[in-house]
Amino acid sequence: MERILDVVRESAAREGITRVRTVALVVGPRSGAMPEALRFAFEVLAGTAGPGGTQTAAGPPATDSAAIESPGPPGRSGAGRGPAGLFAEAVLLIDVPPIRARCRRCGTRYGEGDENGPDWAFTCPACGSSGPEFLSGNELRLDYYEGD
Amino acid sequence: MRVKLARDILKANDQLANGLRRRLTSHGVLGVNLIGSPGSGKTTLLERTIERLEGLRVAVIEGDIATALDAERIERTGAPAVQINTEGACHLDANMVIDAASELDLAVLDFLFIENVGNLVCPAAWDLGEDVKVVVSSVAEGDEKPRKYPAVFQKAAACVLSKVDLLPHVDFDIERFRADAALLNPDLTVLPVSAREGTGVAEWVAWLKDRLTAKRQRR
C-alpha cells in the first residue's frame, strides 16, 4: 500500500494535483490480497483513519463484483505524510472482478457470474476438463486516481 | 481530473524475480520454492533431500518470521544456508531472496532451495524467481487442503505429501487428496514421502534431478 501511495504521490506532483479524491484499485479474488487489509493500510498510511467505516456497494453488473469504499472523514489531515493533506479526503475504491476462465481443451469461457456458477475446482462445465487458463481474478492493479 | 495509471502492483517484484531467474539459468541452477503450513515438515524434508543429493551442490535460503533455527539445522548437513527473518511478514518476496542470494556463490550450485514462511496463502502470490513451486502438505493436516487452499496447488509443479508414516493414525483419505489435487492441477506430481522413515525420498530426489536435467537441456 505504501508503494501505491508513492506512485500516486509522484504522479500527482507531475500533474499538479494537490487533493486526491479517489484511489481506485482492482483486486482479483485470486490475487491473494485482502480488500479489508488494503483498506486498513490505506487509512493508516494516508492519514484518513477515523470512524469512517466501510461501505460495500453492489458493483455493476455482476452480483459477485463488489466495490468497497473507505471514506475518510473530512477535517483529518494527512499531515506529515508528504504534501500536506494530499490524501486527507481520499476515498479508496476497490473493484473485485469475477474469476473467469477458459477451458484449455474446448475453449469454453466460464466462471463467476454464470447462471450455474463454477464448481470449487473450476472444471469446465462443457467438457469437464480441469486446469483452465484464468482470464480474470488474478489482478492486483492500481487502476486510476482522481484529484484536483 | 482522473489519472489512469493501470499499474500492476506486483510488477516490481516480478521484474526482480525474473532477474534472479535469469541468473539461476545462466549458472544452470534449479530454483525450488518450498511452500507449506508451519509444521508440515519442510525443513526435515530438506535435511533428508540434501543427504540424498550427495555429490550435487545445494544451498538453502530459509524464510521465517523469527529465529535462525532452520538455517542452523541446514548448516548441520554441511550445505550453506542463509536465514531471512521477515519480522512479521507472512511470505518472502523477490527482494528478500535476492539479498540472501548475494551471500551465496550461485556459480557453484546445482540446486537453490527457498523455504518460504510457513503459510499456504500469501506465498502462492509472490514470484521469487524460482523454476518450480513445490507445496508440502502433511497427512496430519488433513486431506481437504487442496479444496481449502486451491491457489498454491494450482501453481505448484509438485506436491510432497509428507509424514505418510502417520497414515495409520490419522483420518486421511489419500485417494480423495489425489483426486482433488488432480482436479485443480492435472500436471501436479504428488509424491508421498516420510522423511522420518525414508519412504518416497528417493522418488522425490529423482523428480528434482529430472527437473534439473530438463532445465539444463533447455538452455
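Residues numbered from 1 in each chain as written. Chains lettered and ligands numbered in written order. Predicted model: local features only at pLDDT ≥ 70, side-chain atom pairs only at ≥ 80, totals over all residues. Heavy atoms only, no water.

Chemist: Explain the sheet that holds strand β6 (residues 132-138) of chain B here, please?
Modeler: Through backbone hydrogen bonds, the strands of a sheet pair up, either in parallel or in antiparallel fashion. All names here are of chain B. Spatial ordering of the open sheet is given by β4-β3-β5-β2-β6-β7-β8, a layout of seven strands whose pairing is parallel. Of all strands in the sheet, those bounded by a partner on one side alone are β4 (81-85) and β8 (189-192). Taken pair by pair, the neighbouring strands of this sheet meet at an average axis angle of 20 degrees, ignoring direction. Where strand β7 (residues 158-162) meets β8, four bridges bridge the pair, whose relative direction is parallel. (Pairing = 2+ DSSP bridges. Helix = DSSP H or I, 4+ residues; strand = E, 2+ residues; numbered from the N terminus. Axes fitted to C-alpha atoms, helices over the stretch in contact; angles between N-to-C directions.)

Chemist: Would you mind showing me how to read the interface of chain A and chain B here?
Modeler: Buried accessible area, meaning the area lost when the parts come together, often serves as the stated size of an interface. Residue-level contacts link 24 residues of chain A with 20 residues of chain B. Here chain A and chain B share an interface that buries about 2200 Å² over both sides, 59% of which is from carbon and sulfur atoms. Counting across the interface, chain A meets chain B through two salt bridges. Taking the shortest distance from any N to any O, the salt bridge between Asp 143 of chain A and Lys 4 of chain B comes out at 2.6 Å. Joining chain A to chain B, the criterion identifies 13 residue pairs in polar contact (both at pLDDT 80 or more). For the side of chain A that touches chain B, the secondary-structure elements that each account for two or more residues are α1 (2-15) and β8 (140-147) of chain A. At eight residues, β8 of chain A tops the list of elements feeding residues into the side of chain A that touches chain B. Within the side of chain A that touches chain B, the residues separate by chemical class into twelve nonpolar, six polar and six charged. (Contact = heavy atoms within 4.5 Å. Buried area = accessible area lost by both parts, 1.4 Å probe. Salt bridge = Lys/Arg side-chain N within 4 Å of Asp/Glu carboxyl O. Polar contact = N/O pair within 3.5 Å; in protein donor to acceptor, adjacent residues only side chain to side chain. Nonpolar A, V, L, I, M, F, W, Y, C, P; charged D, E, K, R; others polar.)

Chemist: Explain the sheet that holds strand β6 (residues 109-111) of chain A here, please?
Modeler: Residue and element names in this part refer to chain A. Spatially, the three strands line up as an open sheet ordered β6-β5-β7, and their pairing is antiparallel. At either margin of the open sheet sits one strand with a lone partner, and together these are β6 and β7 (133-136). Pairs of neighbouring strands in the sheet enclose a mean axial angle of 35 degrees, with direction left out of account. As paired strands, strand β5 (residues 100-102) and β7 are joined by three bridges and run antiparallel to one another. Counted as the bridge partner of Arg 102 is Glu 133 from β7.

Chemist: What is the right way to read the side chain of Ser 31 of chain A from this model?
Modeler: Residue position: Ser 31 of chain A is located in the loop between β1 (20-27) and α2 (35-46). Only 2.8 Å separates the side chain of Ser 31 of chain A from the backbone oxygen of Gly 28 of chain A, close enough to count as a polar contact. Leave out the neighbours within four places in its chain, and Ser 31 of chain A touches Gly 137, Asn 138, Glu 139 and Leu 140 of chain A together with Ala 125 of chain B.

Chemist: Would you take a moment to explain the pattern of salt bridges for this structure?
Modeler: Pairing between side chains of opposite charge can happen when the charged atoms of each approach one another. Residue and element names in this part refer to chain B. In this structure the tally under the stated criterion is 22 salt bridges over all chains. Between Asp 127 and Arg 21 there is a salt bridge, with the nearest N and O atoms lying 2.6 Å from each other. Of this pair, Asp 127 sits in the loop between β5 (111-115) and β6 while Arg 21 sits in helix α1 (residues 11-26), and the two are 106 residues apart along the sequence. No difference in accessibility class separates Asp 127 from Arg 21, as the two residues are buried. Where Glu 130 meets Lys 133, a salt bridge forms, and the shortest distance between an N and an O atom there is 2.7 Å. (Buried < 20%, exposed > 50% of the residue type's maximum accessible area, 1.4 Å probe, protein only.)

Chemist: Quick question: what am I supposed to make of the environment of Ala 214 of chain B here?
Modeler: Among the structural elements, Ala 214 of chain B can be located in helix α8 (residues 201-218). Sequence separation between Ala 214 of chain B and Lys 133 of chain B is 81 residues, and the spatial gap between their C-alpha atoms is 16 Å.

Chemist: How should the confidence of the model for chain B be read in this particular structure?
Modeler: As a note on interpretation, predicted positions should not be read in detail where pLDDT is low. Residues with a pLDDT of 70 or more make up 100% of chain B, whose mean pLDDT is 96. In the predicted assembly, ipTM is 0.78 and pTM is 0.85. (pLDDT = per-residue confidence, 0-100.)

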